[in-house]
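# Coordinates in review
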Amino acid sequence: MTFFATGREAYDAFMGRNADRLAPRLIAFAGVQPGEHVLDVGCGPGSLTEALAELARPEKVAAVDPSEPFAAATAERVPGADVRAGGAESLPWPADTFDAALAQLVVNFMSDADAGVAEMRRVVRPGGTVAACTWDIAGGMTMLRTFWDAALSLDPETPDEARTMRYNDPDTLRELWLRVGLDAVENDTLVIETPYRDFDDYWNPFTGGVGPAGAYTASLDPDRREALREECRRRLGDPDGPFTLSAKAWAVKGRA
């Protein structure tokens, strides 16, 4: 996940405020119950891990992320949780360890999604749940859709995430879950509302280099970056105060 070689502060400004709001909805969709032993795969700086710990108690929660700084941030954020640095494709736990394994906004960034989800299935006990969600970048994730539409209007060759990411709709997620042998596969949509203080609160996190959008922004020369900034402002209605954007994620779950 080279797009996320940043600290917690930069990630939280860019995506953490969305991830914090999304986590309880993914947990509810997955049906995680108090006291269950749960794994957060690709935990980042700990939005989902913290929410799981509030429900299931920290000592019942494990988390893993390939970024050592993110793993360290999660361990600091959720004392008592079993947090490790590592990739989804080779999880450092025995088979049948967990009641559920969840991955929030991670599947598209696995180096091998089939291997990663198969590993989630392996470490979940028979009858347990494997669940995940990814942004609807093609339409429902307003923060990112506004950015990429603005970028495409200025340069049609822009590497829009809706085209470069594979798992951006319920059908491809469902097919992945079925492909690795999960049963009773279900899809749903998870929708959140995220407030912004002003336009700069929306735009400035893109300049921190986080995620594909941040990496793209960092690649632009100053004039093109300023043009992109102004086009994003225009598409948001030239806000001069607080505003709120909706964000939709596709969710999938299956039984091991």
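Just above, that's the structure.
Residues numbered from 1 in each chain as written. Predicted model: local features only at pLDDT ≥ 70, side-chain atom pairs only at ≥ 80, totals over all residues. Heavy atoms only, no water.

Okay, the nonpolar core next. By size, the foremost hydrophobic cluster in this structure holds 58 residues, and its most contacted members are Leu 102, Trp 135, Met 143, Leu 144, Phe 147 and Tyr 202. Here this core takes 10 residues from helix H1 (residues 8–30), the largest share from any one element. Excluding residues that lie within four positions of it along the chain, Met 143 makes contacts with Phe 14, Met 15, Asn 18, Tyr 196, Tyr 202, Phe 206 and Leu 245. Residues Phe 98, Val 106, Val 107 and Val 130 belong to the second largest nonpolar core, which totals 29 residues. (Core = buried A, V, L, I, M, F, W, Y, C linked by side-chain atoms within 4.5 Å. Buried < 20%, exposed > 50% of the residue type's maximum accessible area, 1.4 Å probe, protein only. Helix = DSSP H or I, 4+ residues; strand = E, 2+ residues; numbered from the N terminus. Contact = heavy atoms within 4.5 Å.)

Turning next to the packing of aromatic side chains. One pass over the full model with this rule turns up 12 aromatic pairs. Between Phe 147 and Phe 206, the ring centres sit 4.5 Å apart and the planes meet at 5 degrees, which makes this aromatic pair stacked. Note that Phe 147 is positioned in helix H5 (residues 142–154) and Phe 206 in the loop between helix H8 (199–203) and helix H9 (211–219), a separation of 59 residues in sequence. We note that Phe 147, like Phe 206, is buried. Aromatic rings pair up to connect Phe 14, Phe 147, Trp 148, Tyr 196, Phe 199, Tyr 202, Trp 203, Phe 206, Tyr 216 and Phe 243 into one cluster. Taking NZ or CZ as reference, Lys 253 lies 4.9 Å from the ring centre of Phe 29, over its face. (Phe/Tyr/Trp six-rings, centres within 6.5 Å; stacked < 30°, edge-to-face > 60°. Lys NZ or Arg CZ within 6 Å of the ring centre and 35° of its normal.)

On to the packing of H1 against helix H2 (residues 47–56). The geometry of H1 relative to H2 is characterised by a closest axis approach of 8 Å and an angle of 40 degrees between their N-to-C directions. When the axes of H1 and H2 are compared, the pair comes out oblique. The handedness of the crossing between H1 and H2 is right-handed. On the side of H1, the interface is formed by Gly 16, Ala 19, Asp 20, Ala 23, Leu 26 and Ile 27, while H2 contributes Ser 47, Leu 48, Ala 51, Leu 52 and Leu 55. For the contact of H1 with H2, a count of residues per class yields 8 nonpolar, 2 polar and 1 charged. (Axes fitted to C-alpha atoms, helices over the stretch in contact; angles between N-to-C directions. Parallel < 35°, antiparallel > 145°, perpendicular 65-115°, else oblique. Left-handed = near helix turned anticlockwise from the far one by under 90°. Nonpolar A, V, L, I, M, F, W, Y, C, P; charged D, E, K, R; others polar.)

What follows is about the sheet that holds strand S6 (residues 183–196). By definition, the strands of a sheet pair up through backbone hydrogen bonds, in either a parallel or an antiparallel sense. Pairing is mixed in the open sheet, where 7 strands are placed in the order S3-S2-S1-S4-S5-S7-S6. The open sheet has two edge strands, strand S3 (82–85) and S6, and neither has a second partner. Strand after strand, the sheet turns through a mean of 20 degrees between neighbouring axes, direction not considered. Where strand S2 (residues 61–65) meets S3, 4 bridges bridge the pair, whose relative direction is parallel. Counterpart to Ala 62 in the pairing with S3 is Asp 82. Sitting on the sheet, H5 is in contact with strand S5 (124–135), S6 and strand S7 (243–255), with an inclination near 110 degrees to S7. (Pairing = 2+ DSSP bridges.)

Moving on, we come to H2. The element H2 is extensively covered by neighbouring structure, given that 7 of its 10 residues are classed as buried. Those residues of H2 that sit buried are Ser 47, Leu 48, Thr 49, Ala 51, Leu 52, Ala 53 and Ala 56. Residues of H2 that are buried sit in contact with H1, strand S1 (38–41), S2, helix H3 (68–77) and strand S4 (98–104). Arg 57 sits one or two residues past H2 and shows a positive phi near 80 degrees.

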